[in-house]
Amino acid sequence: MLIGIPKEIKNNEYRVGITPAGVRELVSHGHSVIVQRDAGTAIGLLNHQYEAAGATLIDTPQEIFATAEMIIKVKEPQPNECKMLRSGQLLFTYLHLAPDPEQTRLLIESNCIAIAYETVTDAQGGLPLLAPMSEVAGRMSVQAGAHALEKAQGGMGVLLGGVPGVAPAKVTVIGGGVVGINAARMAMGLGADVTILDRSLPRLKMLDEQYGPRLKTLYSSVESIEHEVIQSDLVIGAVLIPGAAAPKLLNREMLKKMKNGAVLVDVAIDQGGCFETSHATTHQHPTYEVEGIIHYCVANMPGGVARTATFALTNATLPFALALANKGYKQALLDDPHLRNGLNVHRGNITYEAVATALEYDYVRPEQAIS
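Residues numbered from 1 in each chain as written. Predicted model: local features only at pLDDT ≥ 70, side-chain atom pairs only at ≥ 80, totals over all residues. Heavy atoms only, no water.

Undergrad: Explain the overall build of the chain residue by residue, including any values.
TA: Per the secondary structure count, the chain includes 15 helices and 15 strands. Taken against the 2.2 N^0.38 rule, which gives 21 Å for 371 residues, the C-alpha radius of gyration of the chain at 21 Å falls within 12% of a compact globule. Structurally, the chain occupies a C-alpha span of about 65 × 45 × 35 Å along its principal axes. Counting across all 371 residues of the chain, residues that qualify as buried make up 54%. Sequence-distant contacts in the chain: of pairs separated by 6 or more residues, those separated by 24 or more amount to 63%. Summed over its atoms, the accessible surface of the chain is roughly 15,300 Å², and 52% of this surface lies on carbon and sulfur atoms. Averaged over its 30 positive side-chain charges, the chain has a centre that lies 2 Å from the centre of its 37 negative ones. (Helix = DSSP H or I, 4+ residues; strand = E, 2+ residues; numbered from the N terminus. Rg over C-alpha atoms; globule rule 2.2 N^0.38 Å. Buried < 20%, exposed > 50% of the residue type's maximum accessible area, 1.4 Å probe, protein only. Contact = heavy atoms within 4.5 Å. Areas by Shrake-Rupley, 256 points an atom, 1.4 Å probe, with all protein chains shown as cover. Lys, Arg positive; Asp, Glu negative; His and termini not counted. Charge placed at Lys NZ, Arg CZ, Asp CG, Glu CD.)

Following this line, the structure appears as structure tokens:
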């Protein structure tokens, strides 16, 4: 198979869809890989390293989209990239379609086959291609939140860990999944007073057993969220409904009760955000203020640590990319129900139910679409 790796073009996005080691692995299985020149240069993955691994360097994305059978990316294709997709071409990347009707429409019009990293599953019910970036984003959320709390950044001027004689900051994490656990670990590591909320009692029990009294656990409800949030210095939104738009758990009225200069970090912003007042921001302009509360809503948070994130992501995606290339997408999807769960768009049809529901499209089962 001819596999194409274009350079990412989203604002301040320096990750790349494959490393030189990944290229070497694909080439060793008999595939050809074309990589856009300078796709990884910003994070120290240099052109000569890709060439040494067996890739052919291509100057423009147009050439890659025009010839490759499978496109491997990191972020969702931007509108001009969607328009370059060809009928029957395979796209393997993050999509986050539920809150993005324009991208969904363009993918449908392209007649491509689009497999989303974020909805591929595993035997344990996890999301193995989302998990590495959730780990990164969870850890970054505390780093970003701590910075936003500084007075010069608009925050109230609170140090997360406090100092002797001064209480630490209160951090509330809404959601006990991969993002939430990693956020809580980082916040505890910095000495903050951390509470995590979740609706799964088994998850709360597991967290309690793992971290003991260092981490407070609460069942998530409207009342418990409001109670914790109005006392918090930093709130991290870490909720996820796979493939679907994030639920809005914090409204403007709750913001009015919060401490002036407190910080919200919405890690769910890729799925539309879990705070009513959230809208996507960029690493260039990461924060804004509503009702005296600082909002950090960067839609590609792991792009801020692009080198670490690239290696973490490609470690997870490469086995699936190999399966798609080795077997062809139809056989790979038929053989692996977990990879099949990643199929979101197939030749004009929406094949992921949560996306179809969110955007009011007819849902076509993946098995039916590829048969």
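Continuing now.
Undergrad: Provide a residue-level description of the environment of glycine 180, including the pertinent values.
TA: Here glycine 180 lies in helix H7 (residues 178–189). Sequence separation between glycine 180 and glutamine 153 is 27 residues; the distance between their C-alpha atoms is 24 Å.

Undergrad: Can you break down the packing of H7 against helix H8 (residues 201–211) residue by residue, with the values?
TA: In contact at an axis separation of 13 Å, H7 and H8 are set at 30 degrees when each is read in the N-to-C sense. Comparing their axes, H8 and H7 come out roughly parallel. Pair H7 / H8 crosses with right-handed handedness. The residues of H8 that touch H7, namely those facing Ile181, Arg185 and Met188, are Arg203, Met206, Leu207 and Tyr211. Each residue belonging to the contact of H7 with H8 can be placed in one class, and the counts come to 5 nonpolar, no polar and 2 charged. (Axes fitted to C-alpha atoms, helices over the stretch in contact; angles between N-to-C directions. Parallel < 35°, antiparallel > 145°, perpendicular 65-115°, else oblique. Left-handed = near helix turned anticlockwise from the far one by under 90°. Nonpolar A, V, L, I, M, F, W, Y, C, P; charged D, E, K, R; others polar.)

Undergrad: Can you tell me about the sheet that holds strand E11 (residues 263–266), naming the residues and giving the values?
TA: Spatial strand order, E9-E8-E7-E10-E11-E13-E12: 7 strands in an open sheet with mixed pairing. Where the open sheet ends on each side, the last strands, each with one partner, are strand E9 (215–219) and strand E12 (287–290). Neighbouring strand axes in the sheet, compared pairwise and without regard to direction, differ in orientation by 20 degrees on average. Bridge count for E12 against strand E13 (residues 293–296) is 4 bridges, and the pairing is antiparallel. The residue of E13 that forms the bridge with tyrosine 288 is histidine 295. Contacts from helix H6 (residues 131–148) reach strand E10 (234–237), E11 and E13 within the one sheet, and its direction differs from that of E11 by about 155 degrees. (Pairing = 2+ DSSP bridges.)

Undergrad: Describe the side chain of asparagine 344, and please don't skip the residues or the numbers.
TA: Counting through the fold element by element, asparagine 344 comes out in strand E14 (residues 343–346). Judged by relative accessible area, asparagine 344 falls into the buried class, the value being 1%. Every residue in contact with asparagine 344, bar those within four places of it in the chain, is listed here: Leu95, Leu97, Ala114, Ala116, Thr119, Asn349, Ile350, Thr351, Tyr352 and Val355.

Undergrad: Tell me about the environment of glutamine 78, residues and numbers included.
TA: Structurally, the position occupied by glutamine 78 is in the loop between strand E4 (70–72) and helix H4 (79–82). Put simply, glutamine 78 and glutamate 102 are 24 residues apart on the chain and 9.8 Å apart in space, counted from C-alpha to C-alpha. Excluding anything up to four places from it in sequence, glutamine 78 contacts Ile9 and Lys10. A polar contact of 3.0 Å, which involves the side chain of glutamine 78, links it to the backbone oxygen of glutamate 76. (Polar contact = N/O pair within 3.5 Å; in protein donor to acceptor, adjacent residues only side chain to side chain.)

Undergrad: Explain the sheet that holds strand E15 (residues 349–350) to me, using residue names and the numbers behind them.
TA: By way of backbone hydrogen bonds, the strands of a sheet pair with one another, either parallel or antiparallel. Ordered by their spatial adjacency, 8 strands build an open sheet running E3-E2-E1-E4-E5-E6-E14-E15, and the pairing between neighbours is mixed. One side of each edge strand has no neighbouring strand; the edge strands of this open sheet are strand E3 (56–58) and E15. Examined bridge by bridge, strand E2 (residues 32–36) and E3 share 3 bridges and lie parallel to one another. Bridge pairing links glutamine 36 to isoleucine 58 in E3.

Undergrad: Summarise a nonpolar patch on the surface; cite the residues concerned and give the values.
TA: On the surface, a cluster of nonpolar side chains totalling about 270 Å² of accessible area is made up of Leu159, Val163 and Val166. Summarising the element assignment, valine 166 is placed in the loop between H6 and strand E7 (170–174). (Patch = residues over 30% accessible without salt bridge, like charges linked within 9 Å, V, L, I, M, F, W, Y side chains within 5 Å. Salt bridge = Lys/Arg side-chain N within 4 Å of Asp/Glu carboxyl O.)

Undergrad: Got a sec to walk through the pattern of salt bridges? Specific residues and values, please.
TA: Considering all chains together, one arrives at 18 salt bridges under this definition. Between arginine 15 and glutamate 13 there is a salt bridge whose closest N-O contact spans 2.8 Å. Take glutamate 13: its relative accessible area is 4%, and that puts it in the buried class. A salt bridge links aspartate 270 to lysine 75, with the shortest nitrogen-to-oxygen separation between them at 3.5 Å.

These figures capture arrangement, not role.
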